[in-house]
Every structure is written in C-alpha cells, then in structure tokens.
Amino acid sequence: MIRVLVWNEFRHEKTHECVKAIYPDGIHEAIAEFLGREEDIEVRTAYLDQENHGITKEVLDATDVLIWWGHMAHNQVSDEAVALVKDAVLDGMGAIFLHSAHHSKPFKALMGTSCNLTWRESGDSELLWVIDPAHPITRGIDRFFKLEHEETYGEPFVIPNPDKVLLIGGYSGGEVFRSGVLYERGNGKIFYFQPGHETFPTFKVPEVQTVIKNAVRFVAPAYRAKVGCPHVRTVDDPDGYVR
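Since the model is a prediction, treat every value here as computed from it, not as a measurement.

How should I be thinking about a nonpolar patch on the surface in this particular structure?
A surface patch of nonpolar side chains, about 410 Å² in accessible area, is lined by Trp 129, Ile 131, Phe 144, Ile 168 and Val 176. Structurally, the position occupied by Ile 168 is in strand E9 (residues 164-171). Of the residues examined, Ile 168 reaches a relative accessible area of 31% and is grouped as partly exposed.

Put into structure tokens, the structure is as follows:
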C-alpha cells in the first residue's frame, strides 16, 4: 500500500460560500475520496488548524507521499513543519504540490527560489497539453484535456529548471505555463501540478484525478534513508564505515 497524506489549509471552505458549495468537506477530503477508491492507496488527511498542522516526524515517517494544497495562509505554516517536510523529502518521501502550493513554504524551501509567476482570476479556459505521453504520470491522458474554467497562471515561473516538463497549460487569455513539472531532491521525487483553484471544481475532473493518481504511484519512494555525510575508510578496511 502507498500511504498518502493529503494536507490542505482548509480555510477557503470555511470562509467562502462559493468554495464550500464545491468542496463542503474541504479540498483535502475531495482528493482523499478519489484516491481512497484505489486498491493500492491508503489515505489520511491533515490541515492547518490541527495541532502542529497535523505534521510531525512520526506522521511523515508513516507517509510515502505528501500532497499539499495551500493558498491564503502560507505564512502561518510553522518553520518547524517546513523543516520536517523538507527533511522527509530529502530522505525519500514523495511530494505533490498542487496549484497555489507553488508559494507554499515547503515548496519554496525545496526549490530555493521565489517560485513567483503571473496570474489572473478571470475564469479563462485552459488546455493542458501532454509533453511526454510515455511518462507514467501522463498515462491514460490524451494529447490534451480541457478545463472549462481555471485561474490563469503564466510565465515567467521562477523555479529551477525542472528535471522534466510533463504538461504545458495554454489559456484562452493567451498565457502559457509549465503546468506539470518533476524534480528530484535527495532521495525524494517532487511533482508540481498547476490545476486546482478553489472556486472551480477542478479536482472533480477525471483527467486531473488520473494525473494525481499516477503521480502518487510515481513519486512513492523506491528507497528511503537519511542522506548523511559519513567518514569512510578504504574498501579493504575490515571496519568499513566509521559512523
């Protein structure tokens, strides 16, 4: 089983009626619901206002893939939680950052850049074009799929050059955006996926669900161990490592 933790601020759903109407139990529960139907995925949820934001070392040690959605309260996430997430990814935990999580503290800590972009809320439609149809994350997706409405994101997107670009979004207003990008950091894999604005039912779109399910399986750790900096002896020394 792949153990998934879906983390969400869970603020918009409490303060904005239009968001509550789409995601009455929270975006985290909507994502957990479709992931939980998969036989190989076990899902838990956490959110900002829980003790320690629902993020502890013990929780992350028992998590194979962390999915993170945030928007209006990035700065309220504690530095302690950020450090725990960063260390867990470096040690091999997979991470998926959705939509406005490009500005989340954990994502920026892992990227080392501002992660700024251009944006506009005007209800543009978006075509998401598959760049690499052979990749496991885009398996089952046609050449493109359409979102009738989505918040517009545009380049320049101030991130390090991705290890791989899987999806590019094109908007009816003219912008283009690297909408699905992959990174490796330490032993961990990271996937950033752009769709998911809170005022649109994006996480109910079958293709969006397929990409997230595929991404969970792809970023799940194949090897998980702390990356240390040990002093070592020569290979013919019977004592081996000095720890």
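Still more ground to cover, so stick around.
Looking at this structure, I do not really get the side chain of Glu 13. What am I missing?
Following the sequence through the fold, Glu 13 ends up in helix H1 (residues 12-15). The buried charged residue Glu 13 lacks any salt bridge, with Lys 14 as its nearest oppositely charged partner at 7.7 Å. Beyond its immediate chain neighbours, meaning those up to four positions away, Glu 13 contacts Asn 8, Val 19, Lys 20, Tyr 23, Gly 26 and Ile 27.

Would you explain the pairing of strand E11 (residues 188-193) in this entry?
Along E11, five of the six residues are buried, which leaves the element largely enclosed by surrounding structure. With four bridges joining them, strand E4 (residues 94-98) and E11 adopt parallel strand pairing. Directly across from Leu 98, in E11, lies its bridge partner Phe 193. Inspection of the sheet shows strand E10 (residues 176-185) paired to E11 by six bridges, in the antiparallel sense. By the bridge assignment for E11, Gly 180 is matched with Phe 193. Here E10 folds back onto E11, and the loop between the two strands holds two residues, one of which, Gly 186, carries a positive phi near 60°.

What is the right way to look at the layout of surface pockets in this model?
If a probe as big as a water molecule is rolled over the atoms, it shows which places are left empty. Approximately 210 Å³ is the volume attributed to the largest pocket. Forming the boundary of the largest pocket are Lys 57, Leu 60, Asp 61, Leu 84, Asp 87, Ala 88, Asp 91, Arg 224, Ala 225 and Lys 226. Of all elements in the fold, only helix H4 (57-61) and helix H5 (79-90) reach the threshold of two or more residues within the lining of the largest pocket. Class assignment for the residues of the lining of the largest pocket results in four nonpolar, no polar and six charged.

Please clarify how the packing of aromatic side chains should be interpreted in this entry.
To describe a pair of aromatic rings, you give the distance between the ring centres and the angle between the ring planes. Scanning the entire structure with this criterion turns up 10 aromatic pairs. Between Tyr 23 and Phe 203, the ring centres sit 6.3 Å apart and the planes meet at 55°, which makes this aromatic pair tilted. Of this pair, Tyr 23 sits in the loop between helix H2 (17-22) and helix H3 (27-35) while Phe 203 sits in the loop between E11 and helix H7 (206-219), placing them 180 residues apart in sequence. On the basis of relative accessible area, Tyr 23 is assigned to the buried category, the value being 1%.

Explanation requested: H5 in the structure shown.
Each turn of an α-helix holds 3.6 residues, which means side chains three or four residues apart point in the same direction. Taking 1.5 Å of rise per residue, the 12 residues of H5 would be expected to cover 16 Å, and the 16 Å separating its terminal C-alpha atoms lies within 8% of that figure. Ala 81, Val 82, Val 85, Ala 88 and Val 89 are the residues of H5 that are buried. Considered in projection along H5, the buried side chains sweep an arc of 135° and stay on one side of the axis. Every exposed residue of H5 that faces more than 90 degrees away from the buried side is listed here: Asp 79 and Glu 80.

Hey, could you run me through the sheet that holds E10 in this one?
What holds strands together in a sheet is hydrogen bonding between their backbones, with the strands either parallel or antiparallel. If you walk across this open sheet you meet the nine strands as E2-E1-E3-E4-E11-E10-E9-E6-E7, and the pairing is mixed. Of all strands in the sheet, those bounded by a partner on one side alone are strand E2 (41-47) and strand E7 (144-147). Recorded for the sheet is a direction-independent mean angle of 20° between the axes of neighbouring strands. The sheet contacts of H5 involve strand E3 (65-69), E4, E10 and E11, and relative to E11 the element is tilted by about 120°. Contacts between H7 and the sheet are confined to strand E1 (2-8), E2, E3, E4, E7, E9, E10 and E11, with E11 contributing the most and set at about 170° to the helix.

What's the story with the pattern of salt bridges in this structure? I'm lost.
Proximity of charged atoms lets side chains of opposite charge pair with each other. All chains considered together, the criterion is met by 14 salt bridges. Across the salt bridge formed by Arg 217 and Glu 38, the nearest N and O atoms sit 2.7 Å from each other. A residue pair is termed long-range when its members are at least 10 positions apart, and Arg 217 in helix H7 and Glu 38 in the loop between H3 and E2 qualify at 179 residues. When the shortest N-O distance is used, the salt bridge between Lys 57 and Asp 61 registers 2.9 Å. Note that Lys 57 and Asp 61 are positioned in helix H4 at a spacing of four residues, about one turn of the helix.

Here is what the cut-offs are and how they apply
Residues numbered from 1 in each chain as written. Predicted model: local features only at pLDDT ≥ 70, side-chain atom pairs only at ≥ 80, totals over all residues. Heavy atoms only, no water. Patch = residues over 30% accessible without salt bridge, like charges linked within 9 Å, V, L, I, M, F, W, Y side chains within 5 Å. Areas by Shrake-Rupley, 256 points an atom, 1.4 Å probe, with all protein chains shown as cover. Salt bridge = Lys/Arg side-chain N within 4 Å of Asp/Glu carboxyl O. Helix = DSSP H or I, 4+ residues; strand = E, 2+ residues; numbered from the N terminus. Buried < 20%, exposed > 50% of the residue type's maximum accessible area, 1.4 Å probe, protein only. Lys, Arg positive; Asp, Glu negative; His and termini not counted. Contact = heavy atoms within 4.5 Å. Pairing = 2+ DSSP bridges. 1 Å grid on protein atoms, 1.4 Å probe; cavity = no way out; pocket = protein on both sides within 12 Å on 5 of 7 lines; lining within 4 Å. Points joined across faces, edges and corners; volume = space filled by probe spheres on them. Nonpolar A, V, L, I, M, F, W, Y, C, P; charged D, E, K, R; others polar. Phe/Tyr/Trp six-rings, centres within 6.5 Å; stacked < 30°, edge-to-face > 60°. Expected span 1.5 Å × (residues − 1). Arc of directions from axis to C-beta. Axes fitted to C-alpha atoms, helices over the stretch in contact; angles between N-to-C directions.

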